[in-house]
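One letter stands for each residue in the lines below.
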Amino acid sequence: MLSFWEKRSFINYDYIVIGAGITGLSVACELMEKNAQASVLVLERGLLPTGASTKNAGFACIGSLSENLHDKSVMGEKTLLDLVQSRHTGLQILRNRLGDEGMGYDACGGYEVILDGEDQSFVSQMDEMNALLYPLFNKNVFSLCNDKIKEFGFSRHASQLIYNYLEGSIDSGKMINSLWLHAQKLGVKILTGAEVKSIEENKDAVEIAVNGISFKAQKIFICTNAFTKSLLPHIELNPGRGQVLVTKPIPNLKVKGTFFFDEGYYYFKNFENRIVFGGGRNLDFEGENTTNFGSNQKIIEQLQTYLKDLILPDTHFEIEHTWSGIMAFSDNKLPLVEALSERQFIGVRLNGMGVALGSKIAKDLVDLAK
Ligand SMILES: Cc1cc2nc3c(=O)[nH]c(=O)nc-3n(C[C@H](O)[C@H](O)[C@H](O)COP(=O)(O)OP(=O)(O)OC[C@H]3O[C@@H](n4cnc5c(N)ncnc54)[C@H](O)[C@@H]3O)c2cc1C
C-alpha cells in the first residue's frame with residue numbers, strides 16, 4: 001500500500017510518457033524545454049530501453065536513392081518530400097539537443113552499393129530524384145562515385161556506388177545515454193522496470209497501471225513503437241526484428257562510412273576499426289515478424305557470407321557479437337502521429353528510420369498536445 005508521502009510526491013504528473021526509446025525521451029525533453037515547470041514521468045518496461053533505439057546499427061538515414069524511389073512510388077512525391085524533410089529536421093533537432101560529441105555523430109556520408117547482377121536501371125533516375133530534392137537542400141543529394149569501390153576494398157561483386165552526402169553515423173548507446181541524462185537534467189523523472197499494463201481515461205486525468213500502482217497524468221504520450229499492440233491492439237503496425245553483428249577490431253580497415261545495399265535491406269558501416277553489419281530481414285520476413293528478441297541463424301550466416309564475399313574479401317575477420325532489435329512497419333511506410341483523445345497522444349511506427357525521424361515526431365506530438 002502506498003504511503004501518504006508516496007501518494008503526494010510520486011503519483012500525479014502533468015505528463016506521462018510510455019517508452020524510453022528515442023521517441024519517448026525526446027518527447028520528455030520537448031515538454032520540459034517548452035515548460036520548465038512541468039512535471040514529466042517516463043515509464044520504461046525494461047531496465048534499459050528495450051526496443052530499437054539501443055539495438056540499431058546507428059545510421060542517421062535520410063534515405064538511399066533506391067529507397068527514395070521506392071517510397072515515391074508508394075506515397076507520391078509530396079509525401080516523400082515531407083518525409084525526407086522530417087528526417088533531416090529530426091536529425092538537426094537531435095544534434096542541437098545533444099551536440100555531435102554527445103551522440104558520437106560522424107557526418108561521414110552514405111553509399112548505396114549496387115551489386116553485379118542486380119537490376120541497375122534505377123540509377124538512371126538519379127537526376128530526377130536530385131531535381132526533386134533540390135528545393136530542400138539546394139544541392140544534388142546523390143552522385144556516382146565508382147572510383148571509391150577500390151579504395152574501400154570491396155570485391156568485384158560491388159558494381160556501382162552512389163554517394164549521399166546527407167547520411168551520417170552515430171553511436172547508438174552514447175546517443176540514448178546522453179538523451180537520458182539530458183532529460184534528467186531538465187527535470188524528467190524516469191522509472192525503469194515499469195511495464196504499463198493498462199491505460200484508462202476519465203474526465204479529470206489518465207490513469208496508468210504499473211505493477212499495482214496507478215499513476216495519473218493530465219496528458220499521456222504513447223511511444224512504444226513495435227510493442228504498441230499489447231496496449232492498443234487496434235493500432236495498425238507490424239513488428240520487424242532486425243539482426244546485427246559487430247566484428248572484432250580489424251587492422252588497417254579500408255571501409256569508412258555508412259553503406260546500404262539490396263534496397264536498404266542490408267546496411268554496414270565502420271565503427272572505429274570494426275564493421276557493424278545488419279539486415280537481411282527479407283530472407284525471412286515471416287520469422288522476423290515478431291516482438292521476441294532472438295537470433296536468426298539463417299540471416300546471421302548470410303551476413304557472414306556477405307562480409308567474406310563482398311565487404312572484406314581479402315581480410316581476416318572474426319565476429320565479436322550478434323544481437324537483435326525490434327522495429328515497427330506499416331504498408332504506407334509512414335509514422336503514426338496522432339491524438340487518440342484530448343489527453344492521449346501516440347507517436348509510433350517509425351518504419352526502421354527512427355534515428356533521424358524520432359526527434360521530429362516527438363516535436364510534432366508535443367505540438368499536437370498543446
Ligand atoms: C536492427 C535495427 C536496425 C535499425 N537501423 C536503423 C537505421 O539504420 N536508421 C534509422 O534511422 N533507424 C534504424 N532503426 C530503427 C530505429 O532504431 C527505430 O526507428 C527507433 O529507435 C524507434 O524509436 P522508438 O523510441 O520509437 O522505439 P523503441 O526504441 O523501440 O522504444 C520503445 C520503448 O518502449 C518500451 N515499451 C514498450 N512497451 C512498453 C510498456 N507497455 N510499458 C513501458 N514501456 C514500454 C520499450 O521497452 C522500448 O524501450 C533500426 C532498428 C533496428 C532494430
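Our structure is the block above this text.
Keep in mind that what you see is a predicted model, and the values were worked out from it rather than measured. (Residues numbered from 1 in each chain as written. Predicted model: local features only at pLDDT ≥ 70, side-chain atom pairs only at ≥ 80, totals over all residues.)

Details of the overall build of the protein chain
- Of the regular secondary structure elements, the protein chain holds 10 helices and 18 strands.
- For a compact globule of 370 residues, the expected C-alpha radius of gyration is about 21 Å, and the protein chain comes in at 21 Å, within 12% of that figure.
- Dimensions along the principal axes, computed over C-alpha positions, put the protein chain at roughly 70 × 45 × 40 Å.
- Looking at the 370 residues of the protein chain, the share that counts as buried comes to 44%.
- In the protein chain, the proportion of contacts linking residues at least 24 apart, taken out of those at least 6 apart, comes to 74%. (Helix = DSSP H or I, 4+ residues; strand = E, 2+ residues; numbered from the N terminus. Rg over C-alpha atoms; globule rule 2.2 N^0.38 Å. Buried ≥ 20, exposed ≤ 12 C-beta atoms within 10 Å, placed from the backbone. Contact = placed C-beta atoms within 7 Å.)

Some remarks on the site of the ligand
- The environment of the ligand is formed by 44 residues, the closest being Gly21, Gly51, Gly242, Gly325 and Gly354.
- Breaking the shell around the ligand down by element, the ones donating at least two residues are helix H2 (22–34), strand S2 (40–44), strand S12 (238–247), strand S16 (319–329) and helix H10 (354–368).
- Per-element accounting of the shell around the ligand gives the leading share, four residues, to H10. (Near = placed C-beta within 6 Å.)

Considerations on the environment of Lys174
- For Lys174, the position within the fold is in helix H8 (residues 172–186).
- Along the backbone, Lys174 and Arg87 are 87 residues apart, and their C-alpha atoms lie at a distance of 20 Å.
- Excluding its chain neighbours within four sequence positions, the residues that come into contact with Lys174 are Met103 and Gly104.

A look at the sheet that holds strand S14 (residues 266–271)
- If you walk across this open sheet you meet the eight strands as S5-S6-S4-S13-S14-S15-S12-S16, and the pairing is mixed. Every interior strand has two partners, whereas the edge strands, strand S5 (142–144) and S16, have only one. Between one strand and the next, the sheet's axes are offset by a mean angle of 25 degrees, whatever the strand orientation.
- As paired strands, S14 and strand S15 (residues 274–279) are joined by six bridges and run antiparallel to one another. For Tyr266, the partnering residue across the bridge sits in S15 and is Gly279. (Pairing = 2+ DSSP bridges. Axes fitted to C-alpha atoms, helices over the stretch in contact; angles between N-to-C directions.)

Side note on the nonpolar core
- With 98 residues, the main nonpolar core has Ile16, Val17, Ala28 and Phe221 as its most contacted residues.
- Setting aside residues up to four positions removed in sequence, Val17 forms contacts with Gly24, Val27, Ala28, Val40, Val42, Phe221 and Cys223. (Core = buried A, V, L, I, M, F, W, Y, C linked by C-beta atoms within 7 Å.)

Topic: unusual backbone geometry
- Residue Asn225 is not a glycine yet carries a positive backbone phi of 40 degrees.
- Residue class for Asn225 comes out buried when judged on the 29 C-beta atoms lying within 10 Å of it.
- In this structure, Asp262 takes a positive phi of about 55 degrees despite not being glycine.

A short note on the environment of His70
- Position of His70 relative to the elements: it lies in helix H3 (residues 65–75).
- For His70, a count of 17 C-beta atoms within 10 Å puts it in the partly exposed group.

Observations concerning the packing of helix H4 (residues 77–98) against helix H6 (residues 126–137)
- Axis separation between H4 and H6 bottoms out at 11 Å; the angle between their running directions is 45 degrees. Overall, the two elements H4 and H6 adopt an arrangement that is oblique. Judged by the twist between their axes, the crossing of H4 over H6 is right-handed. For the pair H4 and H6, the contacting residues are Glu77, Leu81, Val84 and Gln85 in the first and Leu132, Leu133 and Leu136 in the second.
- Among the residues forming the contact of H4 with H6, the class breakdown is five nonpolar, one polar and one charged. (Parallel < 35°, antiparallel > 145°, perpendicular 65-115°, else oblique. Left-handed = near helix turned anticlockwise from the far one by under 90°. Nonpolar A, V, L, I, M, F, W, Y, C, P; charged D, E, K, R; others polar.)

Quick look at the environment of Tyr165
- When you line up the elements, Tyr165 lands in the loop between strand S6 (158–164) and strand S7 (168–169).
- A sequence separation of 89 residues divides Tyr165 from Gly76, and the C-alpha atoms of the two residues are 23 Å apart.
- Setting aside its immediate chain neighbours within four residues, Tyr165 contacts Gly109 and Val141.

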